[in-house]
Amino acid sequence: MWVDTHCHLQLDGRDPIELMDRAPDVTWMVVPGVDLESSRAAIELARQHPDRLLATAGLHPHDAEHWPSQRDELTALVPQVAAVGETGLDYYRNLAPREDQRASFAEHIELASGHRLPLIVHCRDAFTDVYEMLADSGLGEKAVLHCWTGGSRWTKRFAELGVTFSFAGPVAFETGDTIRIGAVHADPARCLVETDTPYLSPPPFRDRPNEPARVALVGSALASVWDMDVEQVAELTTTHAARVFGAPS
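What you see is a predicted model; the values in this text were computed from it and never measured. Throughout, a residue's number is its position along its own chain's written sequence, starting from 1. Restriction of local features to residues with pLDDT of at least 70 applies here, the model being predicted, together with a cutoff of 80 or more for giving and counting side-chain atom pairs; totals for whole chains, interfaces and linings are based on all residues. Excluded from the side-chain calculations are hydrogens and water; all other atoms, namely the structure's heavy atoms, are used.

(A) Quick look at the overall build of the protein chain. Counting its regular elements, the protein chain contains nine helices and eight strands. In this treatment the radius of gyration is a C-alpha quantity, and the globule benchmark scales as 2.2 Å times the residue count to the 0.38 power. What you see for the protein chain is a C-alpha radius of gyration of 16 Å, in line with the 18 Å of a compact globule of 249 residues. In terms of overall dimensions, the protein chain has C-alpha extents of about 45 × 40 × 35 Å along its principal axes. In the protein chain, of all internal contacts separated by at least 6 residues, the share reaching a separation of at least 24 is 70%. With the model as given, the accessible surface of the protein chain reaches about 10500 Å², and the carbon-plus-sulfur share is 49%. For the purposes of this entry, the term helix denotes a DSSP run of H or I that reaches at least four residues, the term strand denotes a run of E that reaches at least two, and both are numbered from the N terminus. For this analysis, residues touch if any pair of their heavy atoms sits within 4.5 Å. Using a 1.4 Å probe, accessible areas were evaluated by the Shrake-Rupley method; residue-level cover was limited to the displayed protein chains.

Dropping the structure here:
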């Protein structure tokens, strides 16, 4: 049995119930918000399916310039969610000014720390700044590095902070050698698996929208990297997911 720790069911456009029904081997899922509207939608989905879904609330770095206008309402949602985020830094697309991204990320870190909640972190081409901002946060394994793509150097450095690495479809891509080499240095007992539905579908579904049923393909890729049985990966990542997020009741 698996846990999909990052699937945007509320952004998919397909029926969330259908996607859940197609994933009988996925015990539960985490539905992250990326702005005020999607955070509210995630909370509503989790309310309707409390046995299988957990919601999060946050503002994606692409929209970080809107943090001042959404801060109060997003903060008010935090008592209703299992984690803060998706937040972080994205210096690849730079869709928001970097100073706005850092300001938003810093306040998300404070929110997670203040409420003793996990923090879901988006990091793309921003390893140095994300590392420096998390280093003094004290979040440890509660800092979840979503869709981790770091190679050996950065995986080793972040591992020293005790963070949680969450792997998605790219670890199974033909072009994913750097990620697989980095994953060698991640402690399997401190890792998670995710789909990032509807994005980043793993082979052989690269040209199709992703869905939670494919999280096992991520786990299978990691099993090859770590030279262990797929069942072991499922057990370790499921156990760690419950430790980080707390399983749905």
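Next comes the rest of the account.
(B) Looking closely at the environment of Glu 141. As for its placement among the helices and strands, Glu 141 is situated in the loop between helix H5 (127-135) and strand S6 (143-146). With 38 residues separating them in the primary sequence, Glu 141 and Ala 103 have C-alpha atoms 22 Å apart. Excluding residues within four positions of it along the chain, Glu 141 makes contact with Gly 162, Val 163, Thr 164, Arg 190, His 240, Arg 243 and Val 244. Polar contacts involving the side chain of Glu 141 include one to the side chain of Arg 190, which spans 3.3 Å. Contacts described as polar in this section are N or O atom pairs within 3.5 Å, which, within protein, must combine one atom able to donate a hydrogen with one able to accept it, while residues neighboring in sequence count only if both atoms come from side chains.

(C) Representation of the packing of aromatic side chains. For this analysis, a ring pair means two rings from Phe, Tyr or Trp (six-membered ring only for Trp) whose centres lie within 6.5 Å, classed as stacked if their planes differ by under 30 degrees, edge-to-face if by over 60, and tilted for the remaining angles. Going through the model one piece at a time under the given rule, you end up with eight aromatic pairs. Ring centres of Phe 127 and Trp 148 lie 5.5 Å apart, and the angle between their planes is 75 degrees; this geometry places the pair in the edge-to-face category. Highlighted residues: Phe 127 in helix H5 and Trp 148 in the loop between S6 and helix H6 (152-159), separated in sequence by 21 residues. No difference in accessibility class separates Phe 127 from Trp 148, as the two residues are buried. Here the aromatic rings of Tyr 131 and Phe 158 are separated by 5.4 Å at their centres, their planes lie at 85 degrees, and the arrangement is edge-to-face. Of this pair, Tyr 131 sits in helix H5 while Phe 158 sits in helix H6, and the two are 27 residues apart along the sequence. In terms of burial, Tyr 131 and Phe 158 fall into one category: buried. Connected via pairs of aromatic rings, a cluster forms that spans Phe 127, Tyr 131, Trp 148, Trp 154, Phe 158 and Phe 165. When accessible area is computed with a 1.4 Å probe and restricted to protein chains, residues below 20% of their type maximum are described as buried, those above 50% as exposed, and intermediate ones as partly exposed.

(D) Local environment of the nonpolar core. Core analysis: the largest hydrophobic core is formed by 64 residues, its most contacted members being Val 130, Leu 134, Phe 158 and Phe 167. With seven residues, helix H8 (residues 215-226) is the largest single contributor of residues to this core. If near-sequence neighbours (up to four positions away) are discounted, Phe 167 is found in contact with Trp 148, Ile 179, Ala 183, Ala 186, Cys 191, Leu 192, Val 193, Glu 194, Val 218, Leu 222 and Trp 226. Among the buried residues, those of types Ala, Val, Leu, Ile, Met, Phe, Trp, Tyr and Cys that are joined through side-chain atoms within 4.5 Å form a nonpolar core. By size, the runner-up hydrophobic cluster in this structure holds 12 residues, among which are Val 3, Ala 83, Ile 120 and Leu 192.

(E) Region of interest: the pairing of strand S5 (residues 119-124). Counting buried positions over the six residues of S5 gives five, a clear majority of the element. By convention, orient the strands away from the viewer: a clockwise path from the first strand over the helix to the second makes the crossover right-handed. Considered for its hand, the β-α-β crossover made up of strand S4 (residues 83-90), helix H4 (residues 98-115) and S5 is right-handed. Looking at chain direction, S5 and S6 are connected through four bridges and run parallel. Within S6, the residue paired with Ile 120 across the bridge is Val 144. Two strands pair under a simple rule: DSSP has to find at least two bridges between them.

(F) Region of the structure containing the sheet that holds strand S8 (residues 191-193). Read from one edge to the other, the open sheet built from eight strands follows the order S1-S2-S3-S4-S5-S6-S7-S8, with strand pairing classed as parallel. The open sheet is flanked by strand S1 (2-4) and S8, the only strands paired with a single partner. Within this sheet the neighbouring strands show an average axis-to-axis angle of 25 degrees, counted without direction. What counts as an axis is a line fitted to C-alpha atoms, over the stretch in contact for a helix, and the angles between N-to-C directions run from 0 to 180 degrees.

(G) Looking closely at the packing of helix H3 (residues 67-77) against H4. One way to put it is that H3 packs onto H4 with a least axis distance of 11 Å and a crossing angle of 15 degrees. When the axis of H3 is compared with that of H4, the two are roughly parallel. For the element pair H3 and H4, the recorded crossing hand is right-handed. Each of Trp 67, Arg 71 and Thr 75 in H3 lies in contact with H4, whose residues at this interface are Ser 104, Glu 107, His 108 and Leu 111. Its residues placed into classes, the contact of H3 with H4 shows two nonpolar, three polar and two charged. To sort the angles, those under 35 degrees are grouped as roughly parallel, those over 145 as roughly antiparallel, those from 65 to 115 as roughly perpendicular, and the leftovers as oblique. Left-handed describes a crossing whose near helix is turned anticlockwise from the far helix by less than a right angle; the clockwise case is right-handed. For this classification, Asp, Glu, Lys and Arg are treated as charged, while Ala, Val, Leu, Ile, Met, Phe, Trp, Tyr, Cys and Pro are nonpolar and the rest, including Gly, are polar.

(H) View of the pattern of salt bridges. The working definition used for a salt bridge is a side-chain nitrogen of Lys or Arg within 4 Å of a carboxyl oxygen of Asp or Glu. Considering all chains together, one arrives at 13 salt bridges under this definition. Across the pair Arg 14 and Asp 12 runs a salt bridge whose closest N-O atoms are separated by 2.5 Å. The salt bridge partner of Arg 14 is Glu 211, with a shortest N-O separation of 3.6 Å. Taken as a pair, Arg 14 in the loop between S1 and helix H1 (16-21) and Glu 211 in the loop between S8 and H8 lie far apart in primary sequence, 197 residues in all. Overall, the relative accessible area of 26% leaves Arg 14 in the partly exposed class. Through salt bridges with shared partners, a single network forms among Asp 12, Arg 14, Glu 18, Arg 22, Glu 211 and Arg 214.

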